Number of protein chains: 2
Amino acid sequence: MSGGIGAIERRQMIAAVGAIGLCLSARRAFAQTDPLPSWNEGAVKEAIVDFVTNVATSGGPDFVSPDQRVATFDNDGTLWSEQPVYFQVAFALDRVRAMAPHRPDWKNKEPFRSVLAGDKAALAKLGQKGLLQIVEETHSGMTVEQFRETVLEWLATARHPRFNRPYTELVYQPMLEFLAYLRTNGFKTFIVSGGGIEFMRPWVGKVYGIPPDQVVGSSGATEFRMMAGGKADLVKLAKVEFIDDGPGKPVAINRFIGQRPILSFGNSDGDQQMLEWTAAGAGARLNGLVHHTDAKREWAYDRQASFGRLDKAWDEAMRRGWLVVDMKRDWKVIYPFEER
Amino acid sequence: MSGGIGAIERRQMIAAVGAIGLCLSARRAFAQTDPLPSWNEGAVKEAIVDFVTNVATSGGPDFVSPDQRVATFDNDGTLWSEQPVYFQVAFALDRVRAMAPHRPDWKNKEPFRSVLAGDKAALAKLGQKGLLQIVEETHSGMTVEQFRETVLEWLATARHPRFNRPYTELVYQPMLEFLAYLRTNGFKTFIVSGGGIEFMRPWVGKVYGIPPDQVVGSSGATEFRMMAGGKADLVKLAKVEFIDDGPGKPVAINRFIGQRPILSFGNSDGDQQMLEWTAAGAGARLNGLVHHTDAKREWAYDRQASFGRLDKAWDEAMRRGWLVVDMKRDWKVIYPFEER
């Protein structure tokens, strides 16, 4: 992994697991069914189980009352894959192609011309500005409920280019178990993603068990309108109003959730401030990064990635002793379909 | 009640109850403990109980799956009182007085000068602009957790001028029962208020049983900062970023909750669009307005009120057959302390 994170830093990370203030010697009192069967035994799994056990143990030194058990998770690269491009980008590009017959102006208008011409060199250089323009034009001009239907139709038919499966099958089995384990122990689990809030809400209930009101994300503006027949509706405008990334994540957690989490997981630099804010609260905390180390079963990338770059947040994790999940080492399976 | 809503319109309203599509003849199958003991028997109570029973009856024509049972409530004037001024305004004015020793500039700066001088004529003419300025300056310059403590300290010591009781005792007992009744029947109950989201969250859990992430409201901007000692925090800025009122309410419900409610209650013109959006969804719906008709036990006001004006929304309720709760007629008690 050229320019990647080396073996020495990995050892530092493993050592750091011991420094996160968890009582690793505290064993569960009773043998139970393993709540995390897709996680290999080791320091990472142990740290997770010990943290959850400790905050849920009434009378224990790390006990946290259930109303404070707030857990926040990034989505792209933390709960599902994000390569070769964020899945919402794949959706937006498909929407450009689907909408093109109704938008003759796009033929001579960048970045739409490049998308329609399949100009890969131009597409690779779109940058955030070009992507936002595509998202704004493809995610607007309809009611919020029409957009929801569009997302569900796309998910039902689109296939991931590498795995030839619906995108919603490319979720991480170990993280599904982690989410369920937290909820069993009284946690409220939230998504806090740079992805679009209205792109995620239609499917995260079924896939992650997370209801729409527990999804925080980037959003476009909507407008209240009284439609024909006196029926009120909300229409999506071609204007991104909030980017839920970097320092925007703790700001959005405060705005939407209204509490500082006690557990946060992410996988890239965009998650750093969320983890920093989580870490700075009083009492037991668990912060973690998913490190993509498995090119064979998933992907391997970090400091040099175009999507999901893990660079500054890695250094911060080392400094602060955050947990690092090494996909290759820590996960028995990546995707649910591997278990079949 | 000069300029108020007369007896003819009240009769129209009572007649309209029959037109809201509820099966009023459907009786509960079994005699049970009354879930709404502070509500007088009559068409309003019957409409509420029938609606909740119908949407929760599996296999019935109006059944709604639990994940769709979203109920939204305005706060000021719907769940607690809002006279002689919104309680958050009382808080903000008290904060001006408390902060004045550290803000010598306020002595000669409006609207702060009028507040500090107790100039009632000037205060009555503050308007939204003056109020927002006071809110911005008194609700900023501290971390979100410091602001939370300030709100809790004020609630512990401030007393309502008419009742000489903590403001949080001026909540409506019948609405507390209504909220609990909905939750018992699988509803998620949300507050959607023009009031400040960070002013409500510190106390609504204890008082209404509503967790912080189920509160939607107006908000000020916050900024992520790395403080001394490497601790991340969020600081409140002197800038209102969103006013959750009128057409802003359905926009905010979509942004925060991500679902169209099936039940909404409000009491003023600022709630009209929330109720219109709720009403326009498919399937069983219940929309209601609390009408302040009891000058003896609470207050009586509608079309002419400075705080909580009910004018256009009343006309809309008549047109659309929304439920109108007449405080004097429908509520046995107003406040919890009356029961002692």
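Just above sits the structure.
Each value, and the rule that gives it
- Residues numbered from 1 in each chain as written.
- Chains lettered and ligands numbered in written order.
- Predicted model: local features only at pLDDT ≥ 70, side-chain atom pairs only at ≥ 80, totals over all residues.
- Heavy atoms only, no water.
- Axes fitted to C-alpha atoms, helices over the stretch in contact; angles between N-to-C directions.
- Helix = DSSP H or I, 4+ residues; strand = E, 2+ residues; numbered from the N terminus.
- Parallel < 35°, antiparallel > 145°, perpendicular 65-115°, else oblique.
- Contact = heavy atoms within 4.5 Å.
- Nonpolar A, V, L, I, M, F, W, Y, C, P; charged D, E, K, R; others polar.
- Buried < 20%, exposed > 50% of the residue type's maximum accessible area, 1.4 Å probe, protein only.
- Pairing = 2+ DSSP bridges.
- Polar contact = N/O pair within 3.5 Å; in protein donor to acceptor, adjacent residues only side chain to side chain.
- Least-squares fit on C-alpha atoms with pLDDT ≥ 70 in both.
- Phe/Tyr/Trp six-rings, centres within 6.5 Å; stacked < 30°, edge-to-face > 60°.
- Lys NZ or Arg CZ within 6 Å of the ring centre and 35° of its normal.
- Salt bridge = Lys/Arg side-chain N within 4 Å of Asp/Glu carboxyl O.

Participant: What am I meant to see in the packing of helix 10 (residues 248-256) of chain B against helix 11 (residues 272-279) of chain B here?
Facilitator: Relative placement of two packed helices is described by the angle separating their axes and the distance separating the axes. Residue and element names in this part refer to chain B. Helix 11 packs onto helix 10 with a crossing angle of 55° between their chain directions and a minimal axis gap of 6 Å. As the angle between them shows, helix 10 and helix 11 are arranged oblique. Across the interface between the two elements, Lys249, Pro250, Ile253 and Asn254 from helix 10 touch Gln273, Met274 and Trp277 from helix 11. Looking at side-chain class alone, the contact of helix 10 with helix 11 contains four nonpolar, two polar and one charged residues.

Participant: Is there a simple way to explain the pairing of strand 5 (residues 263-266) of chain B in this structure?
Facilitator: The side chains of a regular strand alternate between the sheet's two faces. Residues and elements named next belong to chain B. Burial along strand 5 is two-sided: the face carrying Leu263 and Phe265 and the face carrying Ser264 and Gly266 are both buried. The pairing of strand 1 (residues 70-73) with strand 5 spans three bridges and is parallel. Following the sheet pairing, Ala71 is matched in strand 5 by Leu263. Two strands pair when backbone bridges link them, and strand 5 and strand 6 (residues 286-293) are joined in this way by four bridges, in the parallel orientation.

Participant: Would you explain the side chain of Arg69 of chain A in this entry?
Facilitator: Residue and element names in this part refer to chain A. If you trace the backbone, Arg69 turns up in the loop between helix 2 (43-56) and strand 1 (70-73). At 2.8 Å, the side chain of Arg69 forms a polar contact with the backbone oxygen of Asn185. Excluding residues within four positions of it along the chain, Arg69 makes contact with Val55, Ala56, Phe63, Val64, Asn185, Gly186, Phe187, Lys188 and Ile262.

Participant: Honestly, the relation of the copies chain B and chain A in this entry has me stumped. Any pointers?
Facilitator: The pair of chain copies shares a relation made of a rotation about an axis and a shift along it. Expressed as a screw operation, the relation of chain B to chain A combines 0.0 Å of axial shift with a rotation of 180°, fitting to an RMSD of 0.0 Å. One copy is carried onto the other by what is essentially a two-fold rotation axis. Rotation axis and chain B: the residue whose C-alpha lies nearest the axis is Phe256 of chain B, separated from it by 3.2 Å. The share of interface residues of chain B whose copies in chain A are also at the interface is 100%, consistent with both copies meeting through the same surface.

Participant: Looking at this model, I keep getting lost on the packing of aromatic side chains. Mind explaining?
Facilitator: Given two aromatic rings, their pairing is described by the distance between the two centres and the angle made by the two planes. This model, assessed by the stated rule, comprises 45 aromatic pairs over all chains. Taking the centre distance of 4.5 Å and the plane angle of 5° together, the rings of Trp106 of chain A and Phe112 of chain A count as stacked. Like Trp106 of chain A, the residue Phe112 of chain A is buried in the burial classification. An angle of 55° between the planes, with centres 6.1 Å apart, marks the rings of Phe163 of chain B and Phe337 of chain B as tilted. Placement of Phe163 of chain B in the loop between helix 7 (144-157) and helix 8 (173-184) and of Phe337 of chain B in the segment after helix 13 (327-330) is noted, with a sequence separation of 174 residues between them. The same class applies to Phe163 of chain B and to Phe337 of chain B, which are both buried. Ring pairing ties together the aromatic residues Trp39, Phe73, Phe163, Tyr172, Phe178, Phe265, Trp299, Trp331, Tyr335 and Phe337 of chain A, which thus form one cluster. Across the ring face of Phe242 of chain B, the terminal group of Arg255 of chain B is positioned such that the distance to the ring centre comes to 4.7 Å.

Participant: Quick question: what am I supposed to make of the pattern of salt bridges here?
Facilitator: Here the idea is simple: oppositely charged side chains can pair when their charged atoms come close. Summed over all chains, the structure comprises 46 salt bridges over all chains. Glu137 of chain A is paired through a salt bridge with Lys109 of chain A; the nearest N and O atoms lie 3.5 Å apart. Of this pair, Glu137 of chain A sits in helix 6 (residues 127-138) while Lys109 of chain A sits in the loop between helix 3 (87-99) and helix 4 (112-117), and the two are 28 residues apart along the sequence. Under the relative-accessibility criterion, Glu137 of chain A is labelled buried at 18%. Since its relative accessible area comes to 28%, Lys109 of chain A is described here as partly exposed. With a closest N to O distance of 2.7 Å, Glu169 of chain B and Arg165 of chain B form a salt bridge. Note on Arg165 of chain B: relative accessible area 25%, which makes it partly exposed. By sharing partners, the salt bridges in this structure join Arg103, Asp105, Lys109 and Glu137 of chain A into a single network.

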